Amino acid sequence: MIPYARQHIDEVDIAAVIAVMRSDFLTQGPAVDRFEEGVAERAGARYGVAVANATSALHVALAALGVGSGDRVWTSPNSFVASANCARFCGAEVDFVDIDERTYNMCAERLARKLEDAARTKTLPRAVIPVHFAGQPCEMEPIRALASRYGFAIVADASHAVGATYRGAPVGSAAQADITVFSFHPVKIVTTGEGGMAVTDDERLAERMRLFRSHGVTRDPARMEQPSEGLWYYEQHELGFNYRLTDIAAALGSAQVSRLDAFLARRRAIAARYDAALADLPVRRPWQHPDGSSAYHLYPVRIAAGEGARKAVFAAMHAAGIRVNVHYIPIHLQPYYRRLGFAPGDFPRAEAYYREAISLPMFVDLGDADVDRVVAALTTALALEATVS
Ligand SMILES: *Cc1c(COP(=O)(O)O)cnc(C)c1O
């Protein structure tokens, strides 16, 4: 069986975790600080705030920005539900911007048009969450220009894009977004088991995210609103959460990040092998924008023959022991979002993409022979589908 994604763990990771197990701190210790510094540095950002997963990172990011009820947050329909749910956690309204047909990322021109309309009707978003789908950076420069013009904050969902670059700068740099969020789920680029991080250059936002990460409680004597009652004294200033990452997870994360370049190189080599092998098949390979360098969390292809063929090819691949996946069912088509008023046809490009999409296996331990096996199975499945339809 070949999964669509899986973690790469070696002895360095295991030793790092064991060392924490023997240390004084399993949580709230020095491994978290080290991990935050390591990721922030790689991302070209000043501050990193490690949290339990990317979903909680998105939540604390919006909370730190002050997003609340009456606010609007826009994201891409072609993403995991967490990209939209974070706004709902804050009581904000969600809307979507349809995708670019080539990159499957939020389309900057559609965003511009939607903002023009929203400015007229006074329904501008408080924050926009572009998602670096499959690891390929969104077009952040035009999105940044729109943010300055219309006054919204950018929270980049870079769950797929640890190590990706945009115009030569790492995904996470302040020129691209106010806050950038990473996921460390085992299927992503580097893992901590469960884990996530929000990076920013804004000290105040970093502090606010730390506050929301840990119950809204501070122990900093300089920040107290009431007189201290003793050395034990702490104060709760916000309705925060417990979204902390453990030191066990953070140590694993630091060990993983130390091998990030090797991980990226292998993912890019796999993508290049797929690109070459699929050139003559009736599938659309993932187009790469020249401004970005993808981290290749996913290798999504479109089955040119359409929806029925996609379903048959998906089933044939699973029957052949290759557990391809589909990314994503458009978020607005989920029953929860339909109950909020969204309907089929609202974001036709994301819907059209979804009907034809299959994510081929992509992970560091996928060997060249595995790639060839995937391509052979796909070739057979497509030929079979062509004869029956
Ligand atoms: C995986 C993922 C998330 C959620 O990440 P968790 O760490 O599992 O919470 C959010 N957004 C996108 C685009 C993802 O792929």
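The model shown is predicted, which means the values in this text are computed figures rather than measured ones.

**Describing the layout of surface pockets**
Here is step 1: Of the voids in this model, the largest pocket is the one considered here, and its volume is about 690 Å³.
Here is step 2: Counting residues per element, the ones that place at least two in the lining of the largest pocket are α2 (30-42), α7 (203-213) and β10 (217-218).
Here is step 3: If you tally residues by element for the lining of the largest pocket, the top one is α7, at 6 residues.
Here is step 4: When the residues that make up the lining of the largest pocket are grouped by side-chain class, the tally is 5 nonpolar, 6 polar and 12 charged.
Here is step 5: Estimated volume of the second largest pocket: approximately 460 Å³.

**Focus: the side chain of serine 183**
Here is step 1: With respect to the secondary-structure elements, serine 183 resides in strand β8 (residues 179-183).
Here is step 2: Classification of serine 183 as buried rests on a relative accessible area of 5%.
Here is step 3: Setting aside anything within four residues of it in sequence, one finds serine 183 in contact with Ala54, Ser159, Val162, Lys188, Val190, Gly195 and Gly196.

**A closer look at the site of the ligand**
Here is step 1: Neighbouring the ligand are 15 residues, the closest being Thr55, Asp157, His160, Ser183 and Lys188.
Here is step 2: In the environment of the ligand, an oxygen atom lies 2.8 Å from a nitrogen or oxygen atom belonging to the backbone of alanine 54.
Here is step 3: Note that an oxygen atom of the ligand is positioned 2.8 Å from one of the side-chain N or O atoms of serine 183.
Here is step 4: A total of 380 Å² of accessible area belongs to the ligand in isolation, and the protein chains cover 92% of it.
Here is step 5: Among the detected pockets, the ligand sits in the second largest pocket.
Here is step 6: Of all the secondary-structure elements, those providing two or more residues to the shell around the ligand are α3 (54-65) and α4 (82-89).
Here is step 7: Class assignment for the residues of the shell around the ligand results in 5 nonpolar, 8 polar and 2 charged.

Rules and cut-offs
Residues numbered from 1 in each chain as written. Predicted model: local features only at pLDDT ≥ 70, side-chain atom pairs only at ≥ 80, totals over all residues. Heavy atoms only, no water. 1 Å grid on protein atoms, 1.4 Å probe; cavity = no way out; pocket = protein on both sides within 12 Å on 5 of 7 lines; lining within 4 Å. Points joined across faces, edges and corners; volume = space filled by probe spheres on them. Helix = DSSP H or I, 4+ residues; strand = E, 2+ residues; numbered from the N terminus. Nonpolar A, V, L, I, M, F, W, Y, C, P; charged D, E, K, R; others polar. Buried < 20%, exposed > 50% of the residue type's maximum accessible area, 1.4 Å probe, protein only. Contact = heavy atoms within 4.5 Å. Near = heavy atom within 4 Å. Polar contact = N/O pair within 3.5 Å; in protein donor to acceptor, adjacent residues only side chain to side chain. Areas by Shrake-Rupley, 256 points an atom, 1.4 Å probe, with all protein chains shown as cover. Sits in = over half its atoms within 2 Å of the grid points.

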